[in-house]
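Now for the letters of each chain:
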Amino acid sequence: QVQLVESGGGLVQAGGSLRLSCAASGRTFSSYGMAWFRQAPGKEREFVAAISWSGGSTYYADSVKGRFTISRDNAENTVYLQMNSLKPEDTAVYYCAKDPGTASYDYWGQGTQVTVSS
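What counts as what
- Residues numbered from 1 in each chain as written.
- Predicted model: local features only at pLDDT ≥ 70, side-chain atom pairs only at ≥ 80, totals over all residues.
- Heavy atoms only, no water.
- Helix = DSSP H or I, 4+ residues; strand = E, 2+ residues; numbered from the N terminus.
- Buried < 20%, exposed > 50% of the residue type's maximum accessible area, 1.4 Å probe, protein only.
- Polar contact = N/O pair within 3.5 Å; in protein donor to acceptor, adjacent residues only side chain to side chain.
- Contact = heavy atoms within 4.5 Å.
- Phe/Tyr/Trp six-rings, centres within 6.5 Å; stacked < 30°, edge-to-face > 60°.
- Lys NZ or Arg CZ within 6 Å of the ring centre and 35° of its normal.
- Pairing = 2+ DSSP bridges.

(A) Structural view of the side chain of Arg 38. Its place among the elements puts Arg 38 in strand S4 (residues 33–39). A relative accessible area of 6% means that Arg 38 is categorised as buried. Side-chain polar atoms of Arg 38 contact the side chain of Glu 46, separated by 2.6 Å. Beyond its immediate stretch of four places on either side in the chain, Arg 38 contacts Glu 44, Arg 45, Glu 46, Val 48, Ser 63, Val 64, Phe 68, Glu 89, Asp 90, Ala 92, Val 93 and Tyr 94.

Right, here's the structure in full:
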(Lines give C-alpha, C1' and ligand atoms only; values in the text may rest on other atoms or scores of the structure.)
Protein backbone atom coordinates (compact mmCIF):
# COMPACT_ATOMS: atom_id res chain seq x y z
CA GLN A 1 0.00 0.00 0.00
CA VAL A 2 1.33 3.41 -0.99
CA GLN A 3 0.03 6.77 0.13
CA LEU A 4 0.72 9.88 -1.91
CA VAL A 5 0.22 13.34 -0.44
CA GLU A 6 0.52 16.45 -2.59
CA SER A 7 1.24 19.94 -1.30
CA GLY A 8 2.35 23.32 -2.55
CA GLY A 9 -0.69 24.43 -4.49
CA GLY A 10 -2.15 27.90 -4.18
CA LEU A 11 -3.11 31.11 -5.91
CA VAL A 12 -0.51 32.84 -8.07
CA GLN A 13 -0.55 35.57 -10.70
CA ALA A 14 0.17 34.81 -14.32
CA GLY A 15 3.91 34.64 -14.89
CA GLY A 16 4.56 33.45 -11.37
CA SER A 17 5.93 30.17 -10.06
CA LEU A 18 4.92 27.37 -7.73
CA ARG A 19 6.58 24.16 -6.65
CA LEU A 20 4.40 21.16 -5.95
CA SER A 21 5.55 18.29 -3.79
CA CYS A 22 4.29 14.74 -3.57
CA ALA A 23 5.41 12.70 -0.58
CA ALA A 24 5.14 8.94 -0.83
CA SER A 25 4.93 6.38 1.94
CA GLY A 26 6.73 3.06 1.83
CA ARG A 27 10.23 1.76 1.27
CA THR A 28 10.12 1.12 -2.46
CA PHE A 29 9.78 4.68 -3.77
CA SER A 30 13.06 4.49 -5.66
CA SER A 31 11.88 1.46 -7.63
CA TYR A 32 9.07 3.05 -9.60
CA GLY A 33 8.33 5.99 -11.82
CA MET A 34 6.12 8.88 -10.87
CA ALA A 35 3.93 11.30 -12.78
CA TRP A 36 1.88 14.45 -12.44
CA PHE A 37 -1.56 14.92 -13.94
CA ARG A 38 -4.02 17.78 -13.76
CA GLN A 39 -7.73 18.26 -14.15
CA ALA A 40 -9.35 21.59 -14.87
CA PRO A 41 -13.07 22.22 -14.19
CA GLY A 42 -15.21 20.60 -16.86
CA LYS A 43 -12.24 18.91 -18.52
CA GLU A 44 -10.74 15.47 -18.48
CA ARG A 45 -7.65 14.69 -16.48
CA GLU A 46 -4.52 15.18 -18.55
CA PHE A 47 -0.91 14.10 -18.32
CA VAL A 48 1.57 16.80 -17.29
CA ALA A 49 4.93 15.18 -16.64
CA ALA A 50 6.60 11.92 -15.66
CA ILE A 51 9.94 10.81 -14.30
CA SER A 52 11.68 7.44 -14.23
CA TRP A 53 12.64 5.64 -11.03
CA SER A 54 16.16 7.01 -11.14
CA GLY A 55 15.24 10.48 -12.31
CA GLY A 56 17.31 9.92 -15.41
CA SER A 57 14.38 10.20 -17.81
CA THR A 58 11.67 12.82 -17.84
CA TYR A 59 8.67 13.40 -20.08
CA TYR A 60 6.42 16.41 -20.53
CA ALA A 61 3.19 17.38 -22.16
CA ASP A 62 3.76 19.85 -24.97
CA SER A 63 1.69 22.44 -23.13
CA VAL A 64 4.16 22.63 -20.22
CA LYS A 65 7.46 21.83 -21.92
CA GLY A 66 10.05 24.48 -21.14
CA ARG A 67 8.03 25.87 -18.23
CA PHE A 68 7.62 22.92 -15.84
CA THR A 69 10.32 20.66 -14.42
CA ILE A 70 9.72 17.32 -12.71
CA SER A 71 12.31 15.98 -10.31
CA ARG A 72 12.58 13.54 -7.44
CA ASP A 73 14.50 12.96 -4.26
CA ASN A 74 14.55 9.25 -3.53
CA ALA A 75 16.12 9.79 -0.13
CA GLU A 76 13.10 11.88 0.83
CA ASN A 77 10.50 9.77 -1.01
CA THR A 78 9.33 12.91 -2.76
CA VAL A 79 8.64 14.00 -6.31
CA TYR A 80 8.43 17.65 -7.27
CA LEU A 81 6.91 19.74 -10.01
CA GLN A 82 8.49 23.15 -10.46
CA MET A 83 6.09 25.34 -12.41
CA ASN A 84 7.36 28.58 -13.90
CA SER A 85 5.78 31.16 -16.20
CA LEU A 86 2.36 30.03 -15.10
CA LYS A 87 -0.64 30.82 -17.26
CA PRO A 88 -4.34 31.01 -16.39
CA GLU A 89 -4.85 27.84 -18.43
CA ASP A 90 -2.62 25.99 -15.96
CA THR A 91 -5.39 26.36 -13.37
CA ALA A 92 -6.39 22.86 -12.26
CA VAL A 93 -6.21 20.32 -9.51
CA TYR A 94 -2.81 18.65 -9.76
CA TYR A 95 -2.38 14.98 -8.87
CA CYS A 96 0.68 12.82 -8.50
CA ALA A 97 0.53 9.18 -9.42
CA LYS A 98 2.69 6.09 -9.05
CA ASP A 99 3.75 4.28 -12.17
CA PRO A 100 4.35 0.58 -11.53
CA GLY A 101 5.57 0.07 -15.08
CA THR A 102 2.39 -1.52 -16.32
CA ALA A 103 -0.30 0.00 -18.49
CA SER A 104 -1.86 2.13 -15.77
CA TYR A 105 -1.03 4.14 -12.67
CA ASP A 106 -1.96 2.29 -9.51
CA TYR A 107 -1.91 4.91 -6.75
CA TRP A 108 -3.04 8.54 -6.78
CA GLY A 109 -2.81 11.43 -4.37
CA GLN A 110 -5.77 13.51 -3.28
CA GLY A 111 -4.77 16.50 -5.40
CA THR A 112 -3.71 20.07 -4.76
CA GLN A 113 -5.40 23.11 -6.28
CA VAL A 114 -3.41 25.50 -8.44
CA THR A 115 -5.11 28.71 -9.47
CA VAL A 116 -3.43 31.19 -11.81
CA SER A 117 -5.02 34.62 -12.04
CA SER A 118 -4.69 36.82 -15.11
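(B) Just the packing of aromatic side chains, in detail. Under the definition given, this model contains 5 aromatic pairs. Where Phe 37 meets Phe 47, the ring centres are 5.7 Å apart and the plane angle is 80°; that geometry is what we call edge-to-face. Of this pair, Phe 37 sits in strand S4 while Phe 47 sits in strand S5 (residues 46–51), and the two are 10 residues apart along the sequence. Judged by its relative accessible area of 29%, Phe 47 falls in the partly exposed class. Look at Phe 37 and Tyr 105: their rings are 5.0 Å apart centre to centre, the planes differ by 80°, and that puts the pair in the edge-to-face class. Within this pair, whereas Phe 37 is found in strand S4, its partner Tyr 105 is found in the loop between strand S9 (92–99) and strand S10 (107–108), the two being separated by 68 residues in sequence. Exposure remark for Tyr 105: the relative accessible area of 25% places this residue in the partly exposed category. Among the aromatic residues, those joined into a ring-pair cluster are Phe 37, Phe 47, Tyr 105 and Trp 108. Geometry around Phe 29 places Arg 72 over its ring, the cationic atom sitting 4.3 Å from the centre.

(C) Looking closely at the pairing of S4. The buried fraction of S4 amounts to 6 of the 7 residues, a majority that puts the element mostly inside the structure. Direction of pairing for S4 relative to S9: antiparallel, over a ladder of 7 bridges. Its bridge partner lying in S9, Gly 33 is registered against Asp 99. Direction of pairing for S4 relative to S5: antiparallel, over a ladder of 5 bridges. Across the sheet, Ala 35 pairs through a bridge with Ala 50, a residue of S5. In this structure, the hairpin formed by S4 and S5 is closed by a connection of 6 residues, where Gly 42 is found at a positive phi of approximately 75°.

Limitation: the analysis is restricted to geometry and does not speak to function.
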